[in-house]
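Close look at the chain arrangement
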Amino acid sequence: MNKAKAILQIYQTMLDTLGPQQWWPGETPFEIVIGAILTQNTNWSNVEKAIRNLKTAGKLSPRGIHELSMLELAQLIRPSGFFNVKAKRVKAFINWLFSRYEGNLSRMFNQDLQILRDELLSVKGIGPETADSILLYAGNMPTFVVDAYTHRIFSRHGFIAEESTYDEMKAFFEENLPKDVTLYNEYHALLVHIGKRYCRPKKACEPCPLKDFL
DNA sequence: ATCCGGCGTC
DNA sequence: GACGCAGGAT
């Protein structure tokens, strides 16, 4: 059996049964970047409240966050959890953005993908998943996002080893899928849906759209 | 291996 | 009022 074909069939099945997820259609790239940091190890609904707080305070911009003290920022993003560490991480990113790209996201995304990815990974608090989420969802750059759901679903289905590293999983998808931003975007969004709804730590395989692929 | 914290569900 | 959940650093 052809691996690449199976990966595409899984995608098609998810798309047919779940429909397009249409992630982050109307929001600004900056909002997506901040969301990517705040959603680390937390539910998106928690992040929405934090984003709302920043927006209401008129601070949802590079300059706006730059002006906040660490404590002020931590209080605003409190609903997203881990708010003290995340305040440090958001600040670290903003400081880096100003020193490296004049606080300008467009300039940042004008950088070459691989170089920018390495640069993002050098910012304390930005790991591989956050970096790839920023690049794909805010920058529309062709990099595949791997997360806990991706790992769980594809290891359970026997496509990857349980102990696979982030970079191995990322390579697995990029080697077996056409290099397409829209496809990467939708694929990850669909996996999140499957992971939240069906492929739980305690399985719910019976009603899962992907049960035939086991 | 442990720490960092909130929200939704039961 | 428990318990379950999801990344990164140290």
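The residue numbering used here restarts from 1 in each chain and proceeds along that chain's sequence as written. Following the order in which they are written, the chains are lettered starting with A and the ligands numbered starting with 1. For a predicted model such as this one, the threshold for reporting local features is a pLDDT of at least 70, and the threshold for listing and counting side-chain atom pairs is 80 or more; totals across whole chains, interfaces and linings nevertheless cover every residue. Hydrogens and waters are ignored; side-chain quantities use all the structure's heavy atoms.

Re the nonpolar core
Note on soluble globular proteins: their nonpolar side chains tend to be buried together. So the rule is basically this: To define a nonpolar core, start from buried Ala, Val, Leu, Ile, Met, Phe, Trp, Tyr and Cys residues and group those joined through side-chain atoms within 4.5 Å. The rule is simple: take the accessible area with a 1.4 Å probe, protein chains only, and divide by the maximum for that residue type; under 20% is buried, over 50% is exposed, in between is partly exposed. Throughout, the edges of the domains are those of an automatic or database domain assignment. Contacts are residue-level and defined by heavy atoms, with any inter-residue pair within 4.5 Å sufficient.
Counting residues in hydrophobic clusters, the biggest one holds 71 residues, and the most contacted among them are Phe93, Met108, Leu120, Phe154 and Tyr187. Structurally, this core is a two-domain feature, drawing no fewer than three residues from each of domain 1 (3–23 + 144–213) and domain 2 (29–138). Excluding its chain neighbours within four sequence positions, the residues that come into contact with leucine 120 are Phe93, Trp96, Met108, Ile126, Ala131, Ile134 and Leu135.

Focus on the pattern of salt bridges
Here is the rule: By definition, a salt bridge exists where a carboxyl oxygen of Asp or Glu is found within 4 Å of a side-chain nitrogen of Lys or Arg.
Scanning the model with the defined rule gives eight salt bridges in all. Between glutamate 67 and lysine 59 there is a salt bridge, with its nearest N and O atoms 3.1 Å apart. The salt bridge partner of arginine 107 is glutamate 102, with a shortest N-O separation of 3.3 Å. Among the residues examined, arginine 107 registers a relative accessible area of 47% and is labelled partly exposed. Via salt bridges that share partners, Arg117, Asp132, Asp167, Lys170 and Glu174 belong to a single interconnected network.

Structural notes on the domain arrangement of chain A
This is how it is decided: Accessible-area loss on putting two parts together, using a 1.4 Å probe and summing over both, is the definition of buried area adopted here. Here a polar contact is taken to be a pair of N or O atoms separated by no more than 3.5 Å, where protein atoms must pair a possible hydrogen donor with a possible acceptor and residues adjacent in sequence count only if both atoms sit in side chains. Secondary structure is summarised from DSSP: a helix means a run of H or I of at least four residues, a strand means a run of E of at least two, and numbering begins at the N terminus for each. Each residue is assigned to one of three groups, with Ala, Val, Leu, Ile, Met, Phe, Trp, Tyr, Cys and Pro labelled nonpolar, Asp, Glu, Lys and Arg labelled charged, and all others, Gly among them, labelled polar.
Annotation of chain A at the domain level lists domain 1 (3–23 + 144–213) and domain 2 (29–138). For domain 1 and domain 2, the distance between their C-alpha centres works out to 26 Å. Every contact between the two is made by 14 residues of domain 1 and, on the other side, eight residues of domain 2. Between domain 1 and domain 2 the total buried area reaches about 860 Å² when both faces are included, carbon and sulfur atoms providing 62% of it. Scanning the region where domain 1 abuts domain 2 turns up two salt bridges. A salt bridge links aspartate 167 to arginine 117, with the nearest nitrogen and oxygen atoms 3.8 Å apart. Summed over the shared surface of domain 1 and domain 2, the number is four residue pairs in polar contact (both at pLDDT 80 or more). Listing elements by their share of the side of domain 1 that touches domain 2, those giving two or more residues are α11 (166–176) and α12 (181–197). Broken down by element, the residue count for the side of domain 1 that touches domain 2 peaks at six residues, all from α12. Taken together, the residues of the side of domain 1 that touches domain 2 break down into eight nonpolar, two polar and four charged.

Brief notes about the UniProt feature "domain: HhH-GPD" (unreviewed entry) in chain A
Where we set the bar: UniProt positions are given in the numbering used here, feature names are shortened, and annotations may be inferred rather than shown by experiment.
In this structure's numbering, the residues bearing the UniProt feature "domain: HhH-GPD" (unreviewed entry) are residues 38–197. Between the C-alpha atoms that bound residues 38–197 there is a distance of 22 Å. The span itself is 68% helix and 0% strand.

A closer look at helix α2 (residues 29–38)
Along α2, nine of the 10 residues are buried, which leaves the element largely enclosed by surrounding structure. All buried positions along α2 are accounted for by Phe30, Glu31, Ile32, Val33, Ile34, Gly35, Ala36, Ile37 and Leu38.

Remarks on the packing of aromatic side chains
To be explicit about the condition: Each aromatic pair joins two rings of Phe, Tyr and Trp (for Trp, the six-membered one) with centres within 6.5 Å, and gets the label stacked for planes under 30 degrees apart, edge-to-face for over 60, and tilted for any other angle.
As enumerated under the stated definition, the model contains 16 aromatic pairs in all. Ring geometry for tryptophan 24 against tyrosine 137: centres 5.0 Å apart, planes inclined by 75°, an arrangement best described as edge-to-face. Linking tryptophan 24 in the loop between α1 (3–18) and α2 with tyrosine 137 in helix α9 (residues 128–138), this pair joins segments that are 113 residues apart in sequence. Of the two residues examined, tryptophan 24 and tyrosine 137, each falls in the buried class. One aromatic cluster in this structure is built from Tyr11, Phe144, Phe154, Phe159, Phe172, Phe173, Tyr184 and Tyr187.

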